[in-house]
Amino acid sequence: MSDLFGDDEPRRSGGAATPSPPRSRALWITLAIVVVLFIAFTGFASLWTERLWFGSVGYEAVFSTLLRTKIGLFLIFGLVMALVVGLNLALAYRFRPIFRPASPEQISLDRYRQAITPVRMWLLIGIAAVFGAFAGTTASGRWREYLLWRNGASFDKKDPYFDRDIGFYVFDLPWLHFLVNFAMAVLIISLIAAALVHYVFGGIRLQSKQDRFSGAAAVQLSVLLGFFVLAKAADYWLDRFDLLTESGNLHTGMGYTDDHAVLPAKNILMFIAIICAVLFFANVVRRTWLLPSVGLSLLVLSSVLLGMIWPAVVQQFQVNPSQAVKEEKYLQKNIDATRDAFDIADAKVEPYTGQTALTAAEQREELSNVPGIRLVDPARIKATFDQQQQVQGYYGVADVLDVDRYTIDGQERDVVIGVRELNQDGLPEDSKNWNNLHTVYTHGYGVIAAYGNQRKADNKTVVEGEPSWAEEALPPQGALTDLTEGGYRGQIYFGEKSPEYSIVGKANKDDRDVELDIPSNDEGGNKLNTYDGAAGVEVGSTFRQLMYAWKFSEPNILLSSRVNGNSKILYDREPRKMVEKVAPWLTVDADPFPAVVDGKIVWILDGYTTTDQYPQAQRESFETMTSDSLDNGNEFRTLPTDEINYMRNAVKAVVDAYDGTVTLYAWDEADPLLAAWRDAFPGTVKDKADIPADLLSHMRYPEDLFKVQRYQMAAYHVDDASTFYTGESRWKVPEDPTATGSLQPPYRLSINTPDNGDQVFSLTSVFVPNKRDTLASFVSVDGDASKDSYGTMRILELPRNTPVPGPGQMANQFNTNQVIQDELARFTRNSNVRVLNGNLLTLPVGQGLLYVQPIYTIRQGTSTANFPVLQYVTVAFGDKAAIGTTVADAVAKVLNLDEGETATPDGTPPTTGGDGSGPDLTGPTADRIRTLLERADAKFKEADKALQQEKPDLAAYATATGEAEKLVAQALTLAQQEQSKSTTKDEKSE
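Residues numbered from 1 in each chain as written. Predicted model: local features only at pLDDT ≥ 70, side-chain atom pairs only at ≥ 80, totals over all residues. Heavy atoms only, no water.

> What should I look at first to understand the sheet that holds strand β11 (residues 501–504) in this one?
Sheets are built from strands that pair by backbone hydrogen bonding, the pairs being arranged parallel or antiparallel. Within the open sheet, the three strands sit side by side as β11-β15-β14. Their pairing is antiparallel. In this open sheet, the two edge strands, each paired with only one partner strand, are β11 and β14 (537–538). (Pairing = 2+ DSSP bridges. Helix = DSSP H or I, 4+ residues; strand = E, 2+ residues; numbered from the N terminus.)

> I'm lost on the sheet that holds strand β3 (residues 402–408) in this one. Help?
Read across the sheet, five strands follow the order β3-β4-β7-β8-β9 without closing on themselves; strand pairing throughout is antiparallel. Two strands in the sheet have a free side with no partner beyond their single neighbour: β3 and β9 (477–478). Here strand β4 (residues 411–419) pairs with strand β7 (residues 447–451) via five bridges, running antiparallel. Looking at the pairing, Val416 lines up with Ala450 of β7. Against the sheet, helix α12 (residues 382–389) contacts β4, β7 and β8 (469–472), and its axis sits at roughly 50° relative to β8. (Contact = heavy atoms within 4.5 Å. Axes fitted to C-alpha atoms, helices over the stretch in contact; angles between N-to-C directions.)

> Looking at this model, I keep getting lost on the side chain of Gln613. Mind explaining?
Looking at the secondary structure, you find Gln613 in the loop between β18 (600–611) and β19 (620–621). Owing to a relative accessible area of 11%, Gln613 belongs among the buried residues under this scheme. Here the side chain of Gln613 touches Asp612 through a polar contact of 3.4 Å, side chain to side chain. Ignoring anything within four residues of it in the chain, the contact list for Gln613 reads Tyr169, Val170, Leu173, Pro174, Thr245, Arg619 and Asn645. (Buried < 20%, exposed > 50% of the residue type's maximum accessible area, 1.4 Å probe, protein only. Polar contact = N/O pair within 3.5 Å; in protein donor to acceptor, adjacent residues only side chain to side chain.)

> How do you make sense of a nonpolar patch on the surface when you look at a structure like this?
A grouping of Leu296, Val300, Leu301, Val304, Leu305, Met308, Ile309, Val313 and Phe317 is seen on the molecular surface, where their side chains present a nonpolar patch of about 810 Å² in accessible area. Inspection of the secondary structure puts Val313 in helix α9 (residues 290–319). For Val313, a relative accessible area of 40% translates into the label partly exposed. (Patch = residues over 30% accessible without salt bridge, like charges linked within 9 Å, V, L, I, M, F, W, Y side chains within 5 Å. Areas by Shrake-Rupley, 256 points an atom, 1.4 Å probe, with all protein chains shown as cover. Salt bridge = Lys/Arg side-chain N within 4 Å of Asp/Glu carboxyl O.)

> I keep staring at the pairing of β11 and nothing clicks. Help me out?
In regular strands, side chains alternate between the two faces of the sheet. Both faces of β11 are covered, namely the face carrying Tyr501 and Ile503 and the face carrying Ser502 and Val504. Pairing analysis gives four bridges linking β11 to strand β15 (residues 568–571), with the strands arranged antiparallel. Directly across from Val504, in β15, lies its bridge partner Lys568.

> Hey, could you run me through helix α5 (residues 143–151) in this one?
Note on helix geometry: an α-helix contains 3.6 residues per turn, so any two residues three or four positions apart are oriented the same way. The buried count for α5 comes to seven of nine residues, which makes it a mostly enclosed element. Inspection of α5 places Trp143, Arg144, Glu145, Tyr146, Leu147, Leu148 and Asn151 among the buried residues, and these make up the whole buried set. Elements in contact with the buried residues of α5: α2 (60–94), α4 (120–140), α6 (166–200) and α19 (672–680).

> I'm lost on the packing of α9 against helix α10 (residues 323–341) in this one. Help?
Relative orientation and spacing of two packed helices are given, respectively, by the angle between their axes and the distance between those axes. One can describe the packing of α9 onto α10 by two numbers: an axis separation of 9 Å at closest approach and a directional angle of 115°. Contacts from Gln315, Gln318 and Val319 in α9 reach Gln323, Lys326 and Glu327 in α10.

> Can you walk me through the environment of Asn837 in this structure?
With respect to the helices and strands, Asn837 occurs in strand β29 (residues 833–837). For Asn837, a relative accessible area of 27% translates into the label partly exposed. In the structure, Asn837 is positioned 33 residues away from Leu870 in sequence and 9.8 Å away in space, judged by C-alpha atoms. Beyond its immediate sequence surroundings of up to four residues, Asn837 is in contact with Arg380, Thr738, Asn815, Gln853, Pro854 and Ile855.

> How should I be thinking about α19 in this particular structure?
Listing the buried residues of α19 in full gives Pro672, Leu673, Leu674, Ala676, Trp677 and Ala680. Its buried side turned inward, α19 meets α2, α5, α6, β18, β21 (646–656) and β22 (662–666). Where α19 begins, one side-chain oxygen reaches toward the backbone nitrogen of Leu673, 3.2 Å away; that side chain belongs to Asp671.

And the structure:
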């Protein structure tokens, strides 16, 4: 290689290009330098500010590990690619023929040789560098596979075919595939590059009748081809294991055709490739292309015959005619692996009769459970929260609120909760300047909460229309404030709707605060404050201000007097994004939810470990499995594919809404993937035992995991291969009756469970049979993380010969029930009012299922009072449906509609009438009840009149409906007392 960079051919005067004018060349050089500097500085600013962000939240070690791993992979694989390609280019040039016989082909190549020779050194370096950069970039993107390979351990379970630990498939196989594919890429690129050099410089003469390859060209190409085919043999060996994770005609994993055709074909092709590689290596000595060509042709022909035609023949003529028999044992292994991979193997399946006849005792028990039924629909109530509790137009809550559980006055209550976050779009246009947007309006304040069952704090008094607030106003006041002595810290600097960035902090302690904290109409004016939390990047230095001014394309960061020596910049502060950054190996649940814990507001999130490499388990699209009418999507994935076949709720994450502290707690500590990631990023995940008790009581079963599990359970609740194959027991998630074309979402409810006398905060859903709309089963999972029963999954399976209406059929019954529609007519016939159906809830009652759906109305054509107001509750049980102004009223009607059995919501005896005058209670019981109901009806009409005014009188509406409710409660109490007397007489007579 001594003359590698030396001139061996004289320049020809005719081939010299006309030089560019000096001024034009200088301009282009200057422009190129400016572009390079711009790109370099942008990349440096992005990297530097990213490091500062990780440091500000205490996870700089994560950033360092990621950066070190990515750079290491880039350099190692980039250098290997560059060196191998460069070496082969150099060898091809070094051993080019000195003498090239004159021929038309060689004469036509002279001009290319003349152009290449003067710049061959730069050309070689450039080509090697370009391919090295591509290879390094690709390798750095494989940091997940590398870290899992380095830190992975055993699953302590083996696959049923190769008897290898599952950890081999999850941790080792993806990285081994990458190494083999990388080796093949290096060899094929080197082969093409070397062949081109040999051709240009005469080592390969395609138009020659003999000696088409020089000796050096034959040796170099033979060696490269030999190694490439050898790498292909290794690829065939690895492909054997992929049969356990590839999707087949019937299921994911090994099937009959794979076992009896594809697997033997892979083994045969692997040995043919090895023989072919030996023939290429032998060509170094024998210098004849006959045997290597025959070997390569045999490999290609075998790959077609054995890899494509033979499996197709086996599938068509052996499997398809008797697929049930041939595939049974393979399908059984798929069922077992899928149930294990998605953690549904231990679901408790219980037979459920679906009977709707209840004894008197069961009716009384069910009426006693009425106060726990959640009526407030988190998906419908946003506008009500916004208009009634936002205080100012620049506050708002999430589109879909959350449901949590709090112990209030000694009782566990379901609470619909939202965070009063900052919404800068609500600011007046003339106030949207840089100072206001980024230094004044920096955070939201407090939470808004309503009791889910539409009852007040005493859990007895029913509230009509607007929600019964558990937390309201600014400063916050209510039951959640009272949970902690002195209340909770209300500032929301880190939330789902936080601004892109905010700059906080003042130069001196005595300087005036500028951040709006609590707006006020009092003479004292708005309350201001200054952020003093842990998170946030200090931007006091000019250098950091320059970095962030460049990052956000905002010169004010560098020039404004609001940015001082004590300033911090807050950005990337959406809770979900924060967790995704500090734990990039997690797939984070789409729904962060807020909780008031120990005097502060926190966001609680669930993180999942997933893989698509669990052998024999069914692969499905994560997006498909989690899609429903409330799904916001989950754009972040930890896999290059959307498909997964293993999922665990590995981590519970907590983000402090005020100071941005991110804490990760291990949840499924038995998960081998979590163990591997904890080894890769030591110290980032705390032990499960470190979770404070107060925080644990607000952790709940995650929705995305439950959606994935219910999707799989629709088919894999069956554990017998023959039954599974027929598909006769297959279920599906029903369509949401309130959102055509979308699946019904799971609902959080407190329900009674067979093995637990108390109501359990649960995540629930239902199934209908495949291609039918009747109900197949009800599924729930205990969702309170502080209880030992957390994660217990129960399936109440209905008999196939009992046609219990499904959600769609029940919604249709409500829509066609004449009594219900007559009651709603005063709204449906009013063009200024729109009726909204709330979530259709399903609850197990006795051996049947009770449907409950709140009905809201919303005024149209007005900018005021255009929020949903709860008007009615429709209830169905069996073939009976009823409507009432309260759930107690509707449930009492539907349980014994013909006899008019009723019960008061709280079970207490009546005292006075709604207006305090006391109704006429003389005469027969029926007359007394009728009098009370007539008075209640008058009050409801009075309330309706107050609501229908051009300027609705909400106070009068609330007062009238409250009084009407009291009258109805008294009437129900009288009816219950009368029925109790008659039940006692019947029991004595028996």
